[in-house]
Amino acid sequence: MPKKLSKTGTSTSLSSIATSSTASLASSLPPVLTDGQPLPRLIVFDLDYTLWPFWVDTHVYPPLKANADRSACTDKVGETFAFYRDVPSVLHGLGAAGVRLAVASRTHAPDLGREMLKLLHVPAAAALFPGADEATLKELAGKKGDRPRKALEFFDGGLEIYPSSKIRHFEALGKRTGIPFTDMLFFDDESRNRDTETLGVTMWLIRDGVTWGEIEKGIQEWRRRRAMDS
């Protein structure tokens, strides 16, 4: 993994997915996705220091070039960039659990952020979930088959990548998806973006990138607030 650069509606659940491979799929995913409890309908990620350990608008110098397996990119000065370690399996796992994914990034280099999401590929499910049976891998891979895919393809909820407030990002995501803000969970590394919670969004603050542990904590917090409001 590349070095970390310094900072200068109705919810879904796996139990509601009608598939013959649900039991085997559950054995490959974290319990928080397979315990039959509600899940957010949309999970939204910031990019910088959330999905990857750098600021795309200050640390990256185009043009970019992907490595052989497209797990990382190098820029003009030879610096290497990639996702945090758990991110590829998180994208696969959340999608298989029926959760839609989106991006909300306040960056001054939106084109570069999108290019990074196109160049970085998420490995096939078989590489991320070793030991999973054929039915499970089919469910994880989805309709497009078990092959490496552009990270961009996982964000079916939309990409809001531009220098604006996260409030505006979420208003656009809500309009596009039709999903209520209360059914959204947001992962971000900056506490100032808690202002999104005025909309009804649940934000989970992370400090060192997305991991499965942070995903679990965020979902549990979303469930806690949902229970309080019911």
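What comes next is a walk through the structure. Here the residue numbering is sequential within each chain, running from 1 through the sequence in written order. In view of the model being predicted, local features appear only for residues whose pLDDT reaches at least 70, and side-chain atom pairs are presented and counted only at 80 or more, with totals across whole chains, interfaces and linings using the full set of residues. Where side-chain values are given, they derive from all heavy atoms of the structure, hydrogens and water being excluded.

### Some details on the pairing of strand β9 (residues 184–188)
A simple rule labels every residue: compare its accessible area, found with a 1.4 Å probe on the protein chains alone, to the largest value its type can have, and call it buried under 20%, exposed over 50%, or partly exposed in between. In this description a helix means any DSSP run of H or I spanning at least four residues, a strand means any run of E spanning at least two, and both kinds are numbered starting from the N terminus. Of all 5 residues in β9, 5 are buried; the element is thus mostly enclosed. Relative to β9, strand β1 (residues 42–45) runs parallel, the two being bridged by 4 bridges. Within β9, the residue paired with Ile43 across the bridge is Leu185. Two strands pair under a simple rule: DSSP has to find at least two bridges between them. Relative to strand β10 (residues 202–205), β9 runs parallel, the two being bridged by 4 bridges. Paired with Phe186 across the bridge in β10 is Met203.

### Details of the pattern of salt bridges
In what follows, salt bridge is the name for a side-chain nitrogen of Lys or Arg lying within 4 Å of a carboxyl oxygen of Asp or Glu. Counted under the stated rule, the structure contains 12 salt bridges. Between Asp86 and Arg85 there is a salt bridge; the shortest N-O distance is 3.6 Å. The exposure class of Asp86 is buried, given its relative accessible area of 16%. For Arg85, a relative accessible area of 72% puts it in the exposed group. Between Arg225 and Glu197 there is a salt bridge whose closest N-O contact spans 2.7 Å. With a gap of 28 residues between them, Arg225 in helix α7 (residues 212–229) and Glu197 in the loop between β9 and β10 connect regions that are remote in the sequence. Taken together, the shared-partner salt bridges in this structure form one network comprising Glu197, Glu221, Arg224 and Arg225.

Keep in mind that these numbers describe shape and distance, not what the molecule does.
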